[in-house]
Amino acid sequence: MMAPMELIIELILMPLVAFVVGMMMVLMMRRIAAKLQRRIGPPFFQPLYDIVKLHSKQTQISHGLIHDIGIVMAMGGYIAAETLLPVPGMTGIAEKGGIITLLYLMMIPSLGLALGVGQCANPNGSIGIARALTAMLAYDIPLVIVIFGVAYAAGTTNLVDIIAVQQAGGFETWGAVQMPVLAIAGLIAMHASLGKQPFEIYIAPAEIATGPMVEMSGKYLGGLFVMQCFQLYTTSVLYVSLFLGGGTTWFDFLLKSFLVLAIPVSIAYLFPRYRTEDLLRLMWKWPVMLGLIGVAFVL
Amino acid sequence: MSSIKQIPVITERKGNPLARVFDEFVRFCRSRSLFILHYCTGCGAIELPPAMTSRFDMERLGIQPMVSPRQADILLITGYVSIKTLKRVILTYEQMGSPKYVIGICSCTVNGGMYWQSYATAKKLDEYMPVDLYIAGCMPRPEAVLAGLQKLMDRIHSGEANSWEDYFRNYDYYLGNQQKLFGENWQTPTDIITEAKHYDLIGEGTLGKHTQLLEQHQKPLEALDMRLGHDLKEPTE
Ligand code: SF4
């Protein structure tokens with residue numbers, strides 16, 4: 001049992017760390033895109049400049065109370081999720097929360113966005129959010145199957161224990177080595193949950209003008225930029241904790257998270273975009289099938 | 001719009017030396033992160049893709065394209081604006097969040113260019129909205145576009161690029177020119193005068209005889225109702 005003071009410090013530190021690492025992940029994503037397109041790419045502090053600039057806009061166009069609350073929910077869901085993700089040296093409330101709470105918390109941002117965008121009354125935004133919720137339905141099923149498989153194999157839904165089980169025997173006990181089929185299914189589901197290119201149905205700048213973000217300006221868009229940092233961090237760290245044995249030191253923890261994120265991001269910029277029903281069909285067929293096979297191996 | 005009125009607006013800071021540092025930092029960030037909305041009105045738009053992609057790569061300067069006026073900082077007018085287009089340009093401009101900048105690319109935005117004798121184009125862009133920067137040429141090369149953008153970045157950093165305030169302070173002038181072109185019933189969905197009052201940007205030229213004319217026929221703004229499909233029986237304008 002840790003002292004309450006220590007816990008409070010951890011609860012503040014964990015989202016902060018997530019934010020800083022998340023900004024670097026955004027930078028990495030944009031640099032990878034630039035490299036693939038043979039460009040130089042943005043400078044090192046570009047994500048920070050963007051966020052500061054957006055928050056310092058002089059006219060902030062609000063569409064009403066629910067719009068404000070929606071953005072707070074979108075960010076808050078992820079901030080709460082960070083406290084449930086153990087990092088080296090800090091576990092926060094991960095032991096008490098468990099992986100199922102985490103899964104629920106990761107859905108809140110989409111719902112918050114849906115609320116906020118609803119009040120903007122922009123048809124592009126509504127189409128976007130309808131697609132975002134459909135996409136959530138698509139990738140959550142394989143994700144839940146994968147998480148169930150991992151939790152069953154480890155015999156617990158406690159993320160700290162899952163990591164401890166994997167770290168017990170070195171490389172051979174990693175989830176990805178023990179359950180390779182589940183790991184692949186998890187990677188596909190994670191790619192879809194990032195909303196990157198082949199699955200980028202709800203942003204789709206050329207078709208529905210960035211969907212949920214279409215009416216966001218100033219600090220509202222800034223909030224969504226912050227949310228994106230958290231989203232990248234949460235997704236990759238969750239994958240690392242489930243399949244790559246978490247991290248014993250900060251160095252290998254960050255290395256693993258960045259490498260894991262680099263896979264979907266590098267694939268993303270080579271592809272155009274699927275349609276919504278194609279995404280559903282694809283998600284409910286391949287990752288679900290792989291996930292079920294993986295679970296069958298585990299059982 | 002009651003919620004908008006409650007946001008306190010800080011107009012000046014004095015005393016605190018840290019505030020200066022903070023303002024400087026904010027100005028630097030503003031100049032280093034520019035989202036452009038390229039409203040491609042004329043031929044000049046063809047020079048933007050090379051400026052954005054691998055050859056010249058705008059993103060290394062922190063400039064990236066955005067798709068909706070709400071998100072954008074810079075409105076790029078790339079060439080001649082016909083009178084019909086100009087209406088849309090003005091609606092777009094008014095919906096952008098301040099600080100916002102307008103760049104006129106191509107000679108056609110400066111003085112009408114080769115469309116000087118056309119009945120259907122607006123000649124000088126800065127009669128209808130404040131323009132921060134012109135990049136002349138028919139059409140300017142991507143190098144010129146990038147040089148212009150860098151110049152704008154310098155001006156933002158030094159705090160000179162605040163012509164967006166001019167639209168509030170001299171609204172009567174701009175509205176007068178717009179009315180001359182579009183007729184007296186011209187009205188945009190954005191209530192500039194209320195915004196100017198709210199953000200404390202009322203100048204000597206905000207109200208005048210043109211805004212009086214606007215107030216006479218101004219219809220109050222209503223929220224659009226959301227529904228799927230179109231009611232074909234409804235009379236359209
Ligand atoms: S200046 Fe030349 S290139 Fe540019 S819009 Fe006019 S005619 Fe076209």
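Residues numbered from 1 in each chain as written. Chains lettered and ligands numbered in written order. Predicted model: local features only at pLDDT ≥ 70, side-chain atom pairs only at ≥ 80, totals over all residues. Heavy atoms only, no water.

A. Representation of the overall build of chain B within the structure. Looking only at helices and strands, one finds 10 helices and seven strands in chain B. Relative to its 237 residues, chain B shows a buried fraction of 47%. Sequence separation of 24 or more characterises 80% of the internal contacts of chain B that already satisfy a separation of 6 or more. Counting only carbon and sulfur atoms, one obtains 53% of the accessible surface of chain B, whose full area is about 13,000 Å². (Helix = DSSP H or I, 4+ residues; strand = E, 2+ residues; numbered from the N terminus. Buried < 20%, exposed > 50% of the residue type's maximum accessible area, 1.4 Å probe, protein only. Contact = heavy atoms within 4.5 Å. Areas by Shrake-Rupley, 256 points an atom, 1.4 Å probe, with all protein chains shown as cover.)

B. Region of interest: helix α7 (residues 159-168) of chain A. All names here are of chain A. Inspection of α7 places Leu159, Val160, Ile162, Ile163 and Gln166 among the buried residues, and these make up the whole buried set. Projected onto a plane normal to the axis of α7, the buried residues spread over an arc of 165° and lie on a single side. Capping the start of α7, Asn158 holds a side-chain oxygen 3.1 Å from the backbone nitrogen of Val160, two or three residues further along. In the stretch just after α7, Gly170 is the one whose phi turns positive, near 70°. (Arc of directions from axis to C-beta. Polar contact = N/O pair within 3.5 Å; in protein donor to acceptor, adjacent residues only side chain to side chain.)

C. Up close: the interface of chain A and chain B. Across the contact, 36 residues belong to chain A and 32 residues belong to chain B. Here chain A meets chain B over a buried area of about 3,000 Å², counting both sides, of which 56% is carbon and sulfur. At the boundary of chain A with chain B, the tally comes to six salt bridges. Here B:Asp73 makes a salt bridge to A:Lys57, at a shortest N to O gap of 2.5 Å. Counting every contact that joins chain A to chain B gives 19 residue pairs in polar contact (both at pLDDT 80 or more). (Buried area = accessible area lost by both parts, 1.4 Å probe. Salt bridge = Lys/Arg side-chain N within 4 Å of Asp/Glu carboxyl O.)

D. Representation of the pattern of salt bridges within the structure. Applying the stated rule across the entire model yields 15 salt bridges over all chains. With a shortest N-O distance of 2.4 Å, A:Lys53 and B:Asp73 are connected by a salt bridge. One end of the pair, A:Lys53, is in helix α2 (residues 46-55); the other, B:Asp73, is in the loop between β2 (63-65) and β3 (74-78), on a second chain. Exposure remark for A:Lys53: the relative accessible area of 2% places this residue in the buried category. Take B:Asp73: its relative accessible area is 2%, and that puts it in the buried class. We note a salt bridge from A:Glu277 to A:Arg275, for which the minimum N-O separation is 3.5 Å. Each of the salt bridges in this network shares a partner with another, and the network as a whole consists of A:Arg30, A:Arg39, A:Asp50, B:Asp57 and B:Glu59.

All we've got here are geometric facts, nothing functional implied.
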